[in-house]
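Observations on the model geometry
Residue-level listing of the chains:
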Amino acid sequence: MALDDGIVTAEYLRQAAERIRALKELSYARMNIAPGHRVLDAGCGPGVDTVPLARRVGADGKVYALDSDPAMLDAAQQQARSDGVAERIDHLHGSALAIPLADATVDSCRAERLLQVLPPEMERSVVAELVRVTKPGGRIVIADTDWGSASVDFSDSALERRLMTFFATQMRPSGFAGRRAAALLRAHAVDGVSVELVPLLQQRLADTPFGTWLTDTALRERIINQAEAAAWLDELGVREREGNFFATATMVVVAAGRTQRA
Ligand SMILES: C[S@@+](CC[C@H](N)C(=O)[O-])C[C@H]1O[C@@H](n2cnc3c(N)ncnc32)[C@H](O)[C@@H]1O
């Protein structure tokens, strides 16, 4: 499913999940989950992570699945039911800016690709909320994309740079969230911040946001002209048909432990 209009649907997120499975597995590992744990997935989307998390916490554990979009929560609920783990997951409708959980409720939490969809001025409040709901000694994991690292193999590198910069700075509310995540966590009561990178390799234009959504938006904003849009889509279409489409971006997994109280 291509992201032709920039609208992120449950189906798009499900397909994307298969391409970034390594990032997801790394984020689960950094949560240090044990059976019986209570864990939070903030900005859970359609439940592509809450079901694997429910399997890790087991029958005595609990997953809190938080999202501000009721349609995503419906999809997540359906997924939980069809995978037989519904009783282990509480689906919470609300904002990560005011997580509807008491202080020190969870053993660990994660927020994947949440910060990039929020304005940067909200980032600190979201991270403060993640830290607040985590028990002392519990784990906080943030996984996000550094869209500033995105690149596409294209013959006109100046046009490619212009479009990549436009995408990172104008088409993502917070396109540099991945590179900022470690500093954001360090500003809170956490210990031992670790930073790991996961490369995202995309070999199909339709798997990227760099097709007509990018060219239509860039045309509207007068970043490129019609000839440049046509050159971009034509060349990338040929590369795709020949099996030579190549795009990369770096994803970042940042993890830390909530400071133990003295
Ligand atoms: C790019 S999707 C990522 C979903 C999921 N984490 C995944 O990896 O597939 C971002 C998700 O964050 C949710 N979201 C956006 N703003 C939010 C907020 N303020 N509080 C909670 N969820 C939010 C969206 O509804 C969407 O489901």
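Everything that follows concerns the structure shown earlier in this document.
Residues numbered from 1 in each chain as written. Predicted model: local features only at pLDDT ≥ 70, side-chain atom pairs only at ≥ 80, totals over all residues. Heavy atoms only, no water.

There is about 780 Å³ of room inside the largest pocket. Taken together, 42 residues make up the lining of the largest pocket; nearest its centre are Val-8, Leu-13, Glu-112, Arg-113 and Val-117. Broken down by element, the residue count for the lining of the largest pocket peaks at four residues, all from helix α1 (residues 10-19). The residue inventory of the lining of the largest pocket, partitioned by class, reads 23 nonpolar, eight polar and eleven charged. (1 Å grid on protein atoms, 1.4 Å probe; cavity = no way out; pocket = protein on both sides within 12 Å on 5 of 7 lines; lining within 4 Å. Points joined across faces, edges and corners; volume = space filled by probe spheres on them. Helix = DSSP H or I, 4+ residues; strand = E, 2+ residues; numbered from the N terminus. Nonpolar A, V, L, I, M, F, W, Y, C, P; charged D, E, K, R; others polar.)

This next bit is on the site of the ligand. Around the ligand, a shell composed of 19 residues is seen, among which Gly-43, Asp-67, Ala-96, Glu-112 and Arg-113 lie nearest. At 2.9 Å, a backbone N or O of Glu-112 approaches a nitrogen atom of the ligand. When the free accessible area of the ligand is taken as 600 Å², the share hidden by the protein chains comes to 89%. Here the residues of the shell around the ligand sort into eight nonpolar, five polar and six charged. (Near = heavy atom within 4 Å. Polar contact = N/O pair within 3.5 Å; in protein donor to acceptor, adjacent residues only side chain to side chain. Areas by Shrake-Rupley, 256 points an atom, 1.4 Å probe, with all protein chains shown as cover.)

What follows concerns the side chain of Asp-41. Tracing the chain through its elements places Asp-41 in strand β1 (residues 38-42). Relative accessible area serves as the criterion here: at 1%, Asp-41 is assigned to the buried category. Leave out the neighbours within four places in its chain, and Asp-41 touches Asp-49, Thr-50, Leu-53, Tyr-64, Ala-65, Leu-66 and Arg-110. (Buried < 20%, exposed > 50% of the residue type's maximum accessible area, 1.4 Å probe, protein only. Contact = heavy atoms within 4.5 Å.)

The tally for this structure, following the rule as stated, stands at five aromatic pairs. Here the aromatic rings of Phe-154 and Trp-232 are separated by 4.8 Å at their centres, their planes lie at 55°, and the arrangement is tilted. With Phe-154 in the loop between β5 (134-152) and α6 (157-171) and Trp-232 in helix α9 (residues 226-241), this residue pair connects regions lying 78 residues apart in the sequence. Judged by relative accessible area, which is 8%, Phe-154 ranks as buried. Of the residues examined, Trp-232 reaches a relative accessible area of 0% and is grouped as buried. Through a chain of ring-to-ring contacts, the aromatic side chains of Trp-147, Phe-167, Phe-210 and Trp-213 assemble into a single cluster. (Phe/Tyr/Trp six-rings, centres within 6.5 Å; stacked < 30°, edge-to-face > 60°.)

Looking now at the packing of helix α8 (residues 212-220) against α9. The interhelical angle for the contact between α8 and α9, taken along N-to-C directions, is 170°, at an axis separation of 10 Å. As summarised for this structure, α8 and α9 are arranged roughly antiparallel, according to the angle between their axes. Only Gln-226, Ala-229, Trp-232 and Leu-233 of α9 make contact with α8, whose side of the interface consists of Thr-212, Leu-214, Thr-215 and Leu-219. Grouping the amino acids of the contact of α8 with α9 by side-chain chemistry returns five nonpolar, three polar and no charged. (Axes fitted to C-alpha atoms, helices over the stretch in contact; angles between N-to-C directions. Parallel < 35°, antiparallel > 145°, perpendicular 65-115°, else oblique.)

For β1, a buried count of four out of five residues is recorded, marking the element as mostly surrounded by other parts of the structure. Here β1 runs beside strand β2 (residues 62-67); their pairing, made up of five bridges, is parallel. Among the inter-strand pairings, Arg-38 is bridged to a residue of β2, identified as Lys-62. In the classification by handedness, the crossover that spans β1, the intervening helix α3 (residues 50-57) and the parallel β2 is right-handed. Here β1 pairs with strand β4 (residues 106-112) via three bridges, running parallel. Bridge assignment links Asp-41 to a residue of β4, and that residue is Arg-110. (Pairing = 2+ DSSP bridges. Right-handed = clockwise from strand over helix to strand, strands pointing away.)

On the basis of which strands lie adjacent, the open sheet formed by seven strands has the order β3-β2-β1-β4-β5-β7-β6 and mixed pairing. If you trace the sheet from one side to the other, it starts and ends with β3 (89-93) and β6 (190-202), each paired once. On average, adjacent strands in this sheet sit at an angle of 15° to one another, irrespective of strand direction. Both β4 and β5 contribute to a ladder of six bridges, which runs parallel. Bridging across to β5, Cys-109 finds its partner in Ile-140. Those strands touched by helix α7 (residues 177-186) are β5, β6 and β7 (247-258), and its axis lies near 155° from that of β5.

Spacing of three or four residues puts side chains on the same side of an α-helix, whose turn is 3.6 residues. Of all the eight residues making up α3, six are buried; the element is thus mostly covered by neighbouring parts of the structure. Residues of α3 that are buried: Thr-50, Val-51, Pro-52, Leu-53, Ala-54 and Val-57. Those residues of α3 that are buried lie in contact with α2 (21-30), β1, β2, α4 (70-82), β3 and β4. Looking one or two places after α3, you find Gly-58, whose phi comes out positive at around 75°.

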